[in-house]
Amino acid sequence: MELVVACPSCQRSVGDPEAAFCPRCGAALPPAPPPASAPLPTAPTPVEPARRLTLGGAGAEANKIAAVLAGGAAVAALIGVFQTWLRLRIGGVAVKGGVETGWNGRDGKTVAVAAVAALVVAAALRLGRTDLWLTVTLFVAGAVTVVVTIVNVADATSKAKDIENEFGIAAVRVQAQVGAGLWLVGAAGCAMLAAGLIARRSGS
């Protein structure tokens, strides 16, 4: 684009932008304005990617451990449900029907439900889920399993007195022994609680 300077005296256009004087009237000309420069390109503002609510390496590793612990505890609890919870002897002799499993009329079904819930949580943790309900479910399942264990252990210790009151057999002749299945269930409940403590949630 050609720059044109106007004479301040005669108002005529001067074609030479470097002329110091008007060729028509001889008046001094103002200096020509510098050519307009194109604006410098600006760098685009980087867009910060959306922050994902995911756990870091340590949190993800903790959830893997919690998943293994919860899954193992659930399997142990299910096995314990079908094992002996109470064994009765009278005068050192085993009596008919004196062996009871958790599934056989006791609280085994409650423990089985808690174990299935713990299995679901273990699978979800293994898949990378970090929801709050997973931790809560582990705590509830573990607490229920531990409480069932405590109640049944206490029931076994009072069984001799109950038999004496119901059948007239001297309590000193009755031996009520807690079975290995009940101890396995109790250990599984503690492991569920531990898994709930280990599990991490997003942002924690």
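Within each chain, residues carry numbers counting from 1 in the order of the written sequence. Local features in a predicted model are, by the rule used here, given only for residues with pLDDT of at least 70; side-chain atom pairs are given and counted only at 80 or more, and totals for whole chains, interfaces and linings are based on all residues. Hydrogens are left out, water is left out, and the side-chain values use all remaining heavy atoms of the structure.

Novice: Before we go on, may I ask you to explain the packing of aromatic side chains in this structure?
Specialist: The geometry of an aromatic ring pair is captured by the separation of the ring centres together with the interplanar angle, meaning the angle of the planes. Any Phe, Tyr or Trp ring, taking Trp's six-membered ring, that has another such ring centre within 6.5 Å forms a pair; planes under 30 degrees apart are called stacked, those over 60 apart edge-to-face, and the others tilted. Counted by the stated rule, this structure contains 1 aromatic pair. A ring is scored as having a charge over it whenever the NZ atom of a lysine or the CZ atom of an arginine sits within 6 Å of its centre and within 35 degrees of its normal. Lys 109 extends its terminal NZ or CZ atom over the ring of Trp 103, reaching a point 4.5 Å from the ring centre.

Novice: Even after reading the chapter, I still don't get helix 2 (residues 108-126), so can you show me in this structure?
Specialist: An α-helical segment advances 3.6 residues per turn. Residues three or four places apart therefore align on the same side. Helix numbers and strand numbers start at the N terminus; a helix is a DSSP run of H or I with at least 4 residues, a strand a run of E with at least 2. Expected span of a helix: the number of residues minus one, times 1.5 Å. The end-to-end C-alpha separation of helix 2 is 27 Å, in line with the 27 Å expected for 19 residues at 1.5 Å each. Partly exposed describes any residue whose relative accessible area lies between the buried limit of under 20% and the exposed limit of over 50%, with all areas from a 1.4 Å probe on protein chains only and scaled to the type maximum. By the burial criterion, the buried members of helix 2 are Gly 108, Val 111, Ala 112, Ala 114, Ala 115, Ala 118, Val 121, Ala 122, Ala 124 and Leu 125.

Novice: Whenever I open this one, the nonpolar core confuses me. Can you help?
Specialist: The nonpolar side chains of a soluble globular protein tend to be buried with one another. Within the largest apolar cluster, 33 residues are counted, with the highest numbers of intra-cluster contacts made by Ala 77, Trp 85, Val 111, Leu 125, Leu 138 and Met 192. Only helix 1 (57-81), strand 3 (84-90), helix 2, helix 3 (132-157) and helix 5 (180-198) provide two or more residues apiece to this core. Counting residues in each nonpolar core, the second largest holds 5 residues, with Val 14, Cys 22, Ala 27 and Leu 29 among its members. We call a set of buried Ala, Val, Leu, Ile, Met, Phe, Trp, Tyr and Cys residues a nonpolar core when their side-chain atoms join them within 4.5 Å.

Novice: Please clarify how helix 3 should be interpreted in this entry.
Specialist: Taking 1.5 Å per residue as the helical rise, helix 3 with its 26 residues ought to reach 38 Å, and the 38 Å between its terminal C-alpha atoms agrees with that figure. Listed as buried for helix 3 are Leu 134, Thr 135, Leu 138, Ala 141, Gly 142, Thr 145, Val 146, Val 148, Thr 149, Asn 152, Val 153 and Ala 156.

Novice: Is there a simple way to think about the pattern of salt bridges in this case?
Specialist: Any two side chains of opposite charge can pair, so long as their charged atoms come close to each other. Any Lys or Arg side-chain nitrogen found within 4 Å of a carboxyl oxygen on Asp or Glu counts as a salt bridge. If you walk through the whole model with that rule in mind, you get 1 salt bridge. Of the charged contacts, one joins Arg 129 and Asp 131 as a salt bridge, the two residues approaching to 2.8 Å between their closest N and O atoms.

Novice: Explanation requested: the environment of Gly 102 in the structure shown.
Specialist: As for its placement among the helices and strands, Gly 102 is situated in the loop between strand 4 (93-101) and helix 2. By the convention used here, residues are in contact when the closest approach between their heavy atoms is within 4.5 Å. The residues contacting Gly 102, other than those within four sequence positions of it, are Val 81, Gln 83, Trp 85, Asp 107, Gly 108 and Lys 109.

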